[in-house]
Amino acid sequence: MAIKIHDYFKNYKHRTLTYFLLLQIISGLLAGIFVFLAAQFFSNAPTSIFVMALSINVLCNIVFGLILFSIASKPHKILSQAVAHVSKDPVVTEPPHIDTKEAEASGLRQIVQTVYELAAQTQQNLSSSTIGSQSAAAAFFKELADDLPCGLVALSKDGSIVYSNHLAPIKELPDGRIEPMLFFEQRDTLDQWLSKSESNKVRDLRTWQRIANKLPGEEDRHIYDVIAFYQKENPAGIAAIVLTVDRTEIYSVDQEDMDFIALAAHELRGPITVIRGYLDVIKNDLKGKFSPEEEELFDRLQVSSERLAGYINNILNVSRYDRNQFQLHVHEESLMDIVKSLVPDLALRARTQRRKLIFRIPKDLPTIAADSTSLGEVITNLIDNAIKYSHENGQIIITASVKDNSMVEITVQDFGVGMPESIMGELFTRFY
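Conventions and cut-offs
- Residues numbered from 1 in each chain as written.
- Predicted model: local features only at pLDDT ≥ 70, side-chain atom pairs only at ≥ 80, totals over all residues.
- Heavy atoms only, no water.
- Helix = DSSP H or I, 4+ residues; strand = E, 2+ residues; numbered from the N terminus.
- Buried < 20%, exposed > 50% of the residue type's maximum accessible area, 1.4 Å probe, protein only.
- Contact = heavy atoms within 4.5 Å.
- Areas by Shrake-Rupley, 256 points an atom, 1.4 Å probe, with all protein chains shown as cover.
- Phe/Tyr/Trp six-rings, centres within 6.5 Å; stacked < 30°, edge-to-face > 60°.
- Pairing = 2+ DSSP bridges.
- Axes fitted to C-alpha atoms, helices over the stretch in contact; angles between N-to-C directions.

S.K.: Could you clarify how one ought to interpret the overall build of the chain in this entry?
M.R.: A tally of helices and strands in the chain yields 9 helices and 12 strands. Within the chain, the fraction of its 432 residues that count as buried is 29%. Taking as baseline every contact in the chain between residues at least 6 positions apart, the subset at least 24 positions apart corresponds to 61%. Looking at the chain as shown, the accessible area adds up to about 28,500 Å², and 60% of this sits on carbon and sulfur atoms.

Here is the structure:
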């Protein structure tokens with residue numbers, strides 16, 4: 001018959017004490033029997049008999065002690081297995097086997113079942129409380145997000161919108177999905193940033209300024225400052241939070257002018273590309289049929305088209321810079337490789353203007369951290385200015401050297417008309 005739980009320890013103590021006394025009696029009897037038998041055969045060596053009897057007694061105590069320990073610790077093992085099974089221990093523990101007569105008679109089965117019942121009740125209470133708390137928290141934060149004076153968008157890992165408040169600039173796609181309605185610079189989009197953050201960041205914070213939700217001229221166009229925060233392995237499954245702060249009133253003062261400049265430059269790119277293409281085709285098809293004068297004319301046309309393309313790139317760069325969208329993509333580069341890519345065009349410009357370019361760039365220069373496109377534009381602009389303002393047959397010397405063991409310095413030197421001191425203060429004024 002099963003005993004009550006509160007009587008379990010009293011019975012466990014009595015049973016363990018009984019096992020202990022019984023094993024001690026057995027140990028003593030075995031030692032006594034051994035002494036009796038040894039005395040019959042080794043009566044002339046009492047000391048040896050005593051030592052052997054003592055050894056037998058110690059050995060029996062060790063063996064019977066291990067047996068007693070195994071019997072006494074078994075309930076503790078079963079209880080610890082039961083507690084581990086219902087706990088949040090990261091190691092999965094199988095439930096103990098308690099469907100035995102011994103466990104039923106000792107009351108151990110009732111104790112383990114009580115552990116299971118209490119754990120189940122606690123889990124149920126926690127689940128109900130958690131569900132209620134989560135529902136209340138979700139409602140609270142949704143109301144809080146809707147009252148924010150800025151747009152809020154929560155993105156999943158694949159870039160789809162999990163949540164957005166009423167001020168967030170979003171649009172619906174033909175397949176029913178929604179995505180942020182923001183026009184980023186092509187080389188620096190929200191998706192590119194999120195992908196890069198997922199690959200090599202645990203947390204990341206990024207800010208963009210002057211990001212529009214519509215193209216210039218469209219109705220209801222707004223301009224935002226965008227703040228994005230990424231966190232890897234977010235418990236809620238949200239990869240990034242995006243805030244959009246409407247700055248239309250602040251930026252609209254000069255935005256229309258910058259939009260016009262950027263739009264005009266973009267529109268001019270197409271015709272210039274076509275002109276350059278036709279010039280290349282005509283020159284290649286009629287190669288060897290031109291007179292020296294006609295050859296020089298085509299060279300001048302080609303230089304002018306390249307220069308016009310450079311002006312358009314400069315205007316676009318200024319527009320990006322004014323809207324805080326100008327980005328440098330820095331990589332390990334060889335200065336010699338960058339300069340080599342510029343030489344054909346620069347040599348043609350110099351030849352048509354009857355100038356001589358001299359490059360003094362060591363081959364053993366260390367590699368540099370640079371945006372090759374932007375650095376190429378800077379070098380081209382400096383050399384182009386030197387060509388325009390040098391005398392006929394004048395030299396233009398381009399040098400490079402290591403400076404302070406950590407930098408590479410590039411200089412462009414000409415021997416032309418120079419620059420009046422009165423305009424030096426306006427040197428970095430755009431379009432001056």
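S.K.: What am I meant to see in the packing of aromatic side chains here?
M.R.: By convention here, two paired aromatic rings are described through the distance between centres and the angle between planes. Enumeration over the complete set of coordinates arrives at 2 aromatic pairs. Between phenylalanine 184 and tryptophan 208, the aromatic rings sit 5.1 Å apart at their centres with planes inclined by 75 degrees, giving edge-to-face as the arrangement. Residue phenylalanine 184 is located in the loop between β4 (178–180) and α5 (190–200), and its partner tryptophan 208 is located in strand β5 (residues 203–212); the two are separated by 24 residues in the primary sequence. For the pair formed by phenylalanine 184 and tryptophan 208, the shared burial category is buried. A centroid spacing of 5.9 Å and a plane angle of 85 degrees characterise the contact between tryptophan 193 and tryptophan 208, whose relative ring orientation is edge-to-face. Of the two residues, tryptophan 193 is situated in helix α5 and tryptophan 208 in strand β5; the sequence distance between them amounts to 15 residues. Judged on exposure class, the residue tryptophan 193 and its partner tryptophan 208 are both buried. Of the aromatic side chains, those joined through ring pairs into one cluster are Phe184, Trp193 and Trp208.

S.K.: How do you make sense of the sheet that holds strand β11 (residues 395–403) when you look at a structure like this?
M.R.: In sheet architecture, strand pairing relies on hydrogen bonds along the backbone and comes in two forms, parallel and antiparallel. Read across the sheet, 3 strands follow the order β9-β11-β12 without closing on themselves; strand pairing throughout is mixed. Taken across any chain shown, the strands that pair with only one partner, and hence form the sheet edges, are β9 (356–360) and β12 (407–414). If you compare each strand with its neighbour and ignore which way they point, the axes differ by 15 degrees on average. The pairing of β11 with β12 spans 8 bridges and is classified as antiparallel. Note that in β12 the partner of valine 402 across the bridge is valine 408. In the packing of helix α8 (residues 335–352) onto the sheet, contacts are made with β9, β11 and β12, and the angle to β9 comes to roughly 170 degrees. Sheet strands touched by helix α9 (residues 372–388): β9, β11 and β12. Its angle to β12, the strand with the most contacts, is close to 20 degrees.

S.K.: Quick question: what am I supposed to make of the side chain of aspartate 225 here?
M.R.: Of note, aspartate 225 is situated in strand β6 (residues 223–231). By relative accessible area, aspartate 225 is classed as buried at 10%. Residues within four places of aspartate 225 in sequence aside, it is in contact with Trp208, Gln209, Arg210, Leu243, Thr244, Val245, Arg247 and Tyr251.

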